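Survey of secondary and tertiary structure
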Protein chains: 4
Amino acid sequence: MNTYGKLFRITTFGESHGPAIGVVIDGCPAGLEIDETLIQHELNRRKPGQSKITTQRKEDDTFKILSGIFEGKSTGAPIAIVIENQDQRSKDYRHLENTFRPSHADYTYEAKYGIRDYRGGGRSSARETAARVAAGAIAKQVLKNYSIEINAYVSRVGDVQSPPYTQLDLSKTEDNIVRCPHPATAEKMIDLIDQIRLNRDTIGGVVTCVIKNTLVGLGEPVFDKLHAELGKAMLSINAVKGFEYGSGFEGTKLTGSQHNDEFVKEGKTIRTKTNHSGGVQGGISNGEDIYFNVAFKPVATIMQDQQSVDKEGNEVTVSGKGRHDPCVVPRAVPIVEAMAALVLADFLLRAKISRI
Amino acid sequence: MNTYGKLFRITTFGESHGPAIGVVIDGCPAGLEIDETLIQHELNRRKPGQSKITTQRKEDDTFKILSGIFEGKSTGAPIAIVIENQDQRSKDYRHLENTFRPSHADYTYEAKYGIRDYRGGGRSSARETAARVAAGAIAKQVLKNYSIEINAYVSRVGDVQSPPYTQLDLSKTEDNIVRCPHPATAEKMIDLIDQIRLNRDTIGGVVTCVIKNTLVGLGEPVFDKLHAELGKAMLSINAVKGFEYGSGFEGTKLTGSQHNDEFVKEGKTIRTKTNHSGGVQGGISNGEDIYFNVAFKPVATIMQDQQSVDKEGNEVTVSGKGRHDPCVVPRAVPIVEAMAALVLADFLLRAKISRI
Amino acid sequence: MNTYGKLFRITTFGESHGPAIGVVIDGCPAGLEIDETLIQHELNRRKPGQSKITTQRKEDDTFKILSGIFEGKSTGAPIAIVIENQDQRSKDYRHLENTFRPSHADYTYEAKYGIRDYRGGGRSSARETAARVAAGAIAKQVLKNYSIEINAYVSRVGDVQSPPYTQLDLSKTEDNIVRCPHPATAEKMIDLIDQIRLNRDTIGGVVTCVIKNTLVGLGEPVFDKLHAELGKAMLSINAVKGFEYGSGFEGTKLTGSQHNDEFVKEGKTIRTKTNHSGGVQGGISNGEDIYFNVAFKPVATIMQDQQSVDKEGNEVTVSGKGRHDPCVVPRAVPIVEAMAALVLADFLLRAKISRI
Amino acid sequence: MNTYGKLFRITTFGESHGPAIGVVIDGCPAGLEIDETLIQHELNRRKPGQSKITTQRKEDDTFKILSGIFEGKSTGAPIAIVIENQDQRSKDYRHLENTFRPSHADYTYEAKYGIRDYRGGGRSSARETAARVAAGAIAKQVLKNYSIEINAYVSRVGDVQSPPYTQLDLSKTEDNIVRCPHPATAEKMIDLIDQIRLNRDTIGGVVTCVIKNTLVGLGEPVFDKLHAELGKAMLSINAVKGFEYGSGFEGTKLTGSQHNDEFVKEGKTIRTKTNHSGGVQGGISNGEDIYFNVAFKPVATIMQDQQSVDKEGNEVTVSGKGRHDPCVVPRAVPIVEAMAALVLADFLLRAKISRI
């Protein structure tokens, strides 16, 4: 249940306000050189308190590797990474012990398990995604051996939309705090989020992810199609409401003659003229760019009073407290990349056994 | 790879033009009364040749149960169902042995496996979904024990869009050949598909699925969130390009104060005033309607000449042959329902072990 | 539950007296040349009615491949094999509908599922192993690519014991009906079984299996040790009561200085002087012969009256009917080989992903 | 690969001389009261340095729970337990960097992975079993809810054999340092081990495990038979060479009429007169005592010079160093119990979903 992947597999654990969160990566091939600074780099991209448009909560998110790496290389043994929780302020949450916050997981956890760690959302907290990001940083190092590059960025906040990725320089994503590589759009997004924050409200958005230099042949034919697994991986991230790849929902309005990607020969390589397929045909990568959109709802915690009920069914007022993000998408960028990396690393291993 | 589900698990097999396709259902609880006519009923909804807007290919799709059912009840042993292939006309496909049809899986299968059964798409054919529909008909009988109802319908063809589901009478879905329960919209959809067919072209669309009477507590917290698993299941269906649930992509434009679903008490039940959450919070069902959209691209096979390449990289012209659907969504409706039923049956079993 | 293996995976289905039994092999690498006559050859070795010391029940055990093989080669798609049931004589079993035969699975199935297909043991019948043998014949063809050879034989019947395998010519196993490659011992075994049969009784025995030319590096370090998986595979065969490999139970009486296998260099290869390890160290093959013993209890069905109870708890007499084996081990030889082949094929694939 | 179990699932990590070892338990039902002192109790039973007949190495084996338990109860979230490594003395092992110790995993790990953490055996060290024991202590608390009791003891050291378990008082197992509940035999065992230790040698033995008050219906019919899973679990423990349950290898010498367990009614319960079946019929528990034997080879590390080769194939002499057990079976008792508890907890959960 808390494990993801078939061959390159992660198991995460930990609650928002417990002693620590962490991840065990099982199935990382032996002999991989691990650069630990890249793990910290990715954790820093995700961590709270980075800028005025993210939560002001400070978390160091320093990690410790407990196993699986020896003299700088993976040994084939499971890699356990632990991140201790700090700045927990559990007191902030005691008032929520019996209350179900709107559009949070409080009620469903209580109903399912009969018990819940209510402190900061417990296991349902997005803090769990730090473990994914740490594991994703290892997966990215697997992908680097194959020159595969993953670049996510914020393509929409509210209704502020950036141009399509083919018109963008994705190396500029980290140049601004909203992580949109189109400077003019980024500015508008930041203004919008800032305004929303002042309104004590939150706003949703879209993260777009582009994967370049994908090998041909990743993905499995039927249930474990490459895009199906990417879809599940993205939808498993907190606050995600939708996933589309290639031409996506808009593509359904096209005709087959408009939508089909004709094959052409380019040197020795078979390419497609267009890429409505989003780099995936029949569930298997064809070597073109893989690109997809991930929809994030507005953060559920708002600095306003809301009506709700408590465990006993009494009407109560939930008042927003604590320090929360007005918009989750800037910090979601490294999480989307991490999940994409985990999916691809898994399929890379699976592809090794497709032929005798 | 060809298995779906954790506890209620299906394994499908078979190629479009081999002797048979089929499915093994493993993990169906013992003692379930099985009505075999419901399996045939679902297969009939999916089968080709139903109307002027679907392919004219005739397939009987009669099935045979080989195991797992004794005196009308499941025994706990695996249920194997086989559907023999008929009307195969393999000759239709011999010209495609060396050619890669645009936006089909021909190229990626060849690249991945170095060998492919090119007849009718082989394993990549949507014929495989008949096995899913047969298995889904068993899953639906599991759900019936819990009064859970699944209703999918065509909500958009091209840009012809039906009103939202809350304004529809879902019992009318089967009243017309396009499977849209809104008669006026259905008529427009049929006209559009008919026009597209005359143009020797194809068109995409959207299937919406609504699940009512869901228990509270289905779905798992982290990776196997209810909507993540539904997303994967839908994205694994041939031609699907996107998935969104609840407020979906549009919901990302809202603010938290607009989007949050406040809890209220209704009799003894905790409900939400609105349902942007789509019946799922923190990956777990909250008892409200679960609803989601599935985007289908236009069918890749068109009755027109297209440019492509063959195995050796020579430029070739692919001419549309055979009998194909101008629009896949009407026949996709029972497939979407089947996959939803399989996901829910699996989570129903998983929910049985969530507490001591 | 009815699936075995991680990467080379089989799912079996079918009851003794249903329409058919079968298996779906998922994960067989593409491009494997499949010789179908080898499948029939293995099924013939397992089938009833081969000689005077096996059951006189006649079953043809002819199989049909439904998918996954195209023009003589595996395609990477699942391979489904079906064997229809014949000579079912279900009437033979109607008297057992309410009775629990001693040391059979009747009672435990009834208690677990509340329903059981009582005809011939239903799912618990050793007939299920025919599906394993068919799948094992495919696995053997995978192993042949690596020159790995599996040879099982009968090493003991009752207390008639053959010399150790290192003193035997394993190519002679099929030379006699009891499948013991030591002619003098084979004669004694046959005499013993014949005597037991005349007594309307049954007798147990041991099958020894030897695997030669194993690659170094098969098996996984912790839970999925090579011998642990072989043990599970063997113990999952009907009537098996024990498993030991290498020095086994007797080896526990030795001291470390007697038991340790010292390493030596032989040409370019690292070998061990002795092989108490049975070819496995730390759960991973070291290239020496893998050998193990599998203990089979006496067949539970005897041609004698036995006391038992029925569903209501009434005392009843069970009278042996039908046609059964006086000793199961000769027919178990191909089953042991099949399961060993499945385990090794799985580990061969797993070994492909152990390094970057 | 480092995960065991289907529904009650553990993933272990850690090397002998890394920062820590640990385990993540996933699938523990919510609401289980956890007594943490029982975890320490089991760890203490396993830890080195307990008596003169075990290694004199001192390890504290104190554990820390990182997640999954809130206010004394399991929450349904994964339970992570970490045990830091102390007293590591890595210097002890530097001389083994290039040397393959006889009957250790050094050579096979090196051959499989191309890299190994040679310090104290790294991942292949029996230290990994501490993580299993910690997890098993949680599993035992699940079983306690069903009154299931697991008792293992040392039944043989070398050729010193205790009487059968039915003649023993299993509550006396902890009364002596060798963990044999038969005092006279225990004394002989201790003398033997002490003698072996003085000879700078080691000796093997057998652990017997008895499970009482098992529910009827645990275990799955085909591959995941209760005894097959127990067999795999036991064979996955370091140094185990064999597994037999019920009548085991000796039972193969019996006839069916001697071996069959006739059913009788005892009050309202269906029982068997004898228990050659070892509490398992057709892979499913029948409510009688489950009992089985686990064979442990002599510890490979001996305080004597042995011939071996190094990485380059040069002949070398391996001299025994460090502090090691002359006989592993006394400390193996809690490990056998832990693995048995993990298997049963898993099957208890699986049994919950066997019927509609």
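1. Considering the relation of the copies chain B and chain C
Overlaying chain B on chain C yields an RMSD of 0.0 Å, the required transformation being a rotation through 180° with an accompanying axial translation of 0.0 Å. What we have between these two chains is a two-fold relation. Interface overlap between copies is the fraction of interface residues in one copy that are interface residues in the other; for chain B against chain C it reaches 100%, indicating a shared surface.

2. Notes on the pattern of salt bridges
Tallying each qualifying case throughout the model produces 116 salt bridges over all chains. Note that Glu262 of chain B is salt-bridged to Lys273 of chain B, the shortest N-O span being 3.2 Å. Of the two residues, Glu262 of chain B sits in the loop between α7 (256-259) and β12 (263-266) while Lys273 of chain B sits in the loop between β13 (269-272) and β14 (280-281), which places them 11 residues apart along the sequence. The partner of Arg45 of chain C in a salt bridge is Glu174 of chain C, and the shortest N-O contact between them spans 2.7 Å.

3. Observations regarding the packing of aromatic side chains
For the structure shown, the criterion picks out 34 aromatic pairs over all chains. Ring geometry for Phe223 of chain A versus Tyr4 of chain B: centroids 5.5 Å apart, planes at 40°, classification tilted. One end of the pair, Phe223 of chain A, is in the loop between β10 (205-212) and α5 (226-235); the other, Tyr4 of chain B, is in strand β1 (residues 3-4), on a second chain. Centre to centre, the rings of Phe263 of chain C and Phe100 of chain D are 6.2 Å apart; their planes meet at 65°, and the pair counts as edge-to-face. With one member in each of two chains, Phe263 of chain C in strand β12 (residues 263-266) and Phe100 of chain D in the loop between β7 (79-84) and α2 (106-113) form a pair that bridges those chains. On the basis of relative accessibility, which here comes to 2%, the residue Phe100 of chain D falls in the buried class. One cation-aromatic arrangement involves Lys241 of chain B over Tyr245 of chain A; the distance from NZ or CZ to the ring centre is 4.7 Å.

4. What to know about the pairing of strand β3 (residues 20-26) of chain D
Residues and elements named next belong to chain D. With respect to burial, β3 is a largely interior element, 7 of its 7 residues being buried. The side-chain alternation of β3 yields two buried faces, one formed by Ala20, Gly22, Val24 and Asp26 and the other by Ile21, Val23 and Ile25. Both strand β2 (residues 9-14) and β3 contribute to a ladder of 6 bridges, which runs antiparallel. In the sheet register, Thr11 faces β3, and the bridge partner there is Val24. With antiparallel pairing between neighbouring strands as the criterion, β2 and β3 make up a hairpin whose turn holds 5 residues. Looking at chain direction, β3 and β7 are connected through 6 bridges and run antiparallel.

5. A few points about the side chain of Glu15 of chain C
Looking at where Glu15 of chain C falls in the secondary structure, it is placed in the loop between β2 (9-14) and β3 (20-26). This buried residue, Glu15 of chain C, is left without a salt bridge; Arg123 of chain C holds the nearest opposite charge, at 4.9 Å. Contact partners of Glu15 of chain C, with chain neighbours within four places excluded, come to Ser67, Gly68 and Ala77 of chain B together with Ala20, Ile21, Asn85, Asp117, Gly122 and Arg123 of chain C.

6. Some remarks on the nonpolar core
Residues Phe292 of chain A, Phe292 of chain B, Phe292 of chain C together with Phe292 of chain D are the most contacted members of the largest nonpolar core, which totals 331 residues. When residues no more than four places from it in sequence are discounted, the contact partners of Phe292 of chain C are Val207, Thr208, Cys209, Ile211, Leu230, Met234, Phe243, Glu244, Tyr245, Val336 and Ala340 of chain C.

7. Examining helix α5 (residues 226-235) of chain D
The buried fraction of α5 of chain D is high, at 10 of 10 residues. All buried positions along α5 of chain D are accounted for by Leu226, His227, Ala228, Glu229, Leu230, Gly231, Lys232, Ala233, Met234 and Leu235 of chain D.

8. Some thoughts on the packing of α5 of chain A against helix α5 (residues 226-235) of chain B
When two helices pack together, their arrangement is captured by the angle between the axes and the distance separating the axes. Between α5 of chain A and α5 of chain B, the shortest axis-to-axis distance is 8 Å and the interhelical angle comes to 165°. The orientation of α5 of chain A with respect to α5 of chain B, classified from their angle, is roughly antiparallel. Remark: the crossing between α5 of chain A and α5 of chain B carries right-handed chirality. Contacts from His227, Ala228, Glu229, Gly231, Lys232 and Leu235 of chain A of α5 of chain A reach α5 of chain B at His227, Ala228, Glu229, Gly231, Lys232 and Leu235 of chain B. Within the contact of α5 of chain A with α5 of chain B, the residues separate by chemical class into 4 nonpolar, 4 polar and 4 charged.

9. Focus on the packing of helix α1 (residues 36-46) of chain B against helix α3 (residues 129-144) of chain B
Residues and elements named next belong to chain B. Closest axis-to-axis distance for the α1/α3 pair is 9 Å, and the angle between their directions is 135°. Taken together, α1 and α3 sit at an angle that is classed as oblique. Relative to α3, α1 is oriented so that their crossing is right-handed. On α3, the residues touching Leu38, Ile39, Glu42, Leu43, Arg45 and Arg46 of α1 are Thr129, Ala130, Val133, Ala134, Ala137, Ile138, Lys140, Gln141 and Lys144. A per-class count over the contact of α1 with α3 returns 8 nonpolar, 2 polar and 5 charged.

10. What about the relation of the copies chain B and chain A?
Its rotation angle being 180°, the transformation that places chain B on chain A also includes 0.0 Å of axial translation and leaves an RMSD of 0.0 Å. Mapped onto chain A, 100% of the interface residues of chain B are again interface residues, and the two copies thus contact each other with one and the same surface.

11. Details of the interface of chain B and chain A
With 104 residues of chain B at the interface, the matching set in chain A holds 104 residues. Between chain B and chain A, roughly 8200 Å² of surface is buried when both sides are summed, and carbon and sulfur atoms account for 60% of that area. When the buried surface of chain B facing chain A is broken down by residue, Lys112, Phe223 and Lys241 of chain B rank first, second and third, together holding 11% of it. Viewed at the interface, chain A and chain B are joined by 6 salt bridges. Salt-bridge contacts for Glu220 of chain B lead to Lys112 of chain A; the nearest nitrogen and oxygen are separated by 3.5 Å. Summed over the shared surface of chain B and chain A, the result is 51 residue pairs in polar contact (both at pLDDT 80 or more). No other element matches the 7 residues that helix α2 (residues 106-113) of chain B contributes to the side of chain B that touches chain A. Among the residues making up the side of chain B that touches chain A, the classes are represented as 38 nonpolar, 41 polar and 25 charged. One ladder, built from 3 bridges, connects strand β11 (residues 240-245) of chain A with strand β11 (residues 240-245) of chain B; its direction is antiparallel.

12. So, the pairing of β12 of chain B
Judged from the 4 bridges that link them, β12 of chain B and β13 of chain B form a sheet pairing that is antiparallel. Paired with Lys265 of chain B across the bridge in β13 of chain B is Ile270 of chain B.

13. Thoughts on the interface of chain B and chain C
With 37 residues of chain B at the interface, the matching set in chain C holds 37 residues. Of the roughly 2900 Å² buried between chain B and chain C on both sides combined, carbon and sulfur atoms contribute 66%. Inspection of the chain B/chain C interface yields 0 salt bridges. Where chain B packs against chain C, one counts 6 residue pairs in polar contact (both at pLDDT 80 or more).

14. Some thoughts on the side chain of Arg46 of chain B
Residue and element names in this part refer to chain B. For Arg46, the location among the structural elements is in helix α1. A polar side-chain atom of Arg46 sits 3.2 Å from the main-chain carbonyl oxygen of Ala126. Polar contacts involving the side chain of Arg46 include one to the side chain of Thr129, which spans 3.0 Å. Leaving out residues up to four positions away in the same chain, Arg46 has contacts with Glu59, Asp61, Ala126, Arg127, Thr129, Ala130, Val133, Arg331, Pro334 and Ile335.

15. Structural notes on unusual backbone geometry
Residue and element names in this part refer to chain A. Within the chain, Ser103 stands out as a residue other than glycine whose phi angle is a positive 60°. Residue placement: Ser103 occurs in the loop between β7 (79-84) and α2 (106-113). For Ser103, a relative accessible area of 6% translates into the label buried.

Criteria and cut-off values
All residue numbers refer to position in the chain's written sequence, counted from 1. Chain letters and ligand numbers both follow the written order, the letters beginning at A and the numbers at 1. The predicted nature of this model means local features are confined to residues of pLDDT at least 70 and side-chain atom pairs, given and counted, to a pLDDT of 80 or more, with totals for whole chains, interfaces and linings taken over all residues. Hydrogens and water molecules were not included; the side-chain quantities draw on all heavy atoms of the structure. The fit set for superposing copies consists of C-alpha atoms from residues with pLDDT of at least 70 in both; the fit itself is least squares. By definition, residues are in contact when any of their heavy atoms lie within 4.5 Å. Salt bridge criterion: a side-chain nitrogen from Lys or Arg within 4 Å of a carboxyl oxygen from Asp or Glu. Secondary structure follows DSSP: runs of H or I at least 4 residues long count as helices, runs of E at least 2 residues long count as strands, and numbering of each begins at the N terminus. Only Phe, Tyr and Trp rings take part, Trp by its six-membered ring, and two of them pair if their centres are within 6.5 Å. Stacked means planes under 30 degrees apart, edge-to-face means over 60, and tilted covers everything else. The buried label applies to any residue whose accessible area, calculated with a 1.4 Å probe on protein chains only, is under 20% of its type's maximum; exposed applies above 50%, and partly exposed to all values in between. A ring is scored as having a charge over it whenever the NZ atom of a lysine or the CZ atom of an arginine sits within 6 Å of its centre and within 35 degrees of its normal. Pairing between two strands is assigned when DSSP locates at least 2 bridges connecting them. Neither His nor the chain ends contribute to the count of charged residues, in which Lys and Arg are positive and Asp and Glu negative. In this description, a nonpolar core means a group of buried Ala, Val, Leu, Ile, Met, Phe, Trp, Tyr and Cys residues linked to one another through side-chain atoms lying within 4.5 Å. In this description, a line fitted to the C-alpha atoms serves as the axis of each element, helices being fitted only across the stretch in contact, and the angle between N-to-C directions of two axes falls anywhere from 0 to 180 degrees. Geometric relationships in this document are graded by angle, where less than 35 degrees denotes roughly parallel, more than 145 denotes roughly antiparallel, 65 to 115 denotes roughly perpendicular, and other angles denote oblique. Note on convention: near helix rotated counterclockwise from far helix by under a right angle means a left-handed crossing. Clockwise means right-handed. As a working rule, the residues Ala, Val, Leu, Ile, Met, Phe, Trp, Tyr, Cys and Pro are called nonpolar, Asp, Glu, Lys and Arg charged, and the rest polar, with Gly in that last group. Buried area: the accessible area, evaluated with a 1.4 Å probe, that two parts lose upon being put together, summed over both parts. In protein, a polar contact means a hydrogen-donor-capable atom and an acceptor-capable atom, both N or O and within 3.5 Å, with residues adjacent in sequence counting only if both atoms are side-chain atoms; elsewhere, any N or O pair within 3.5 Å suffices.

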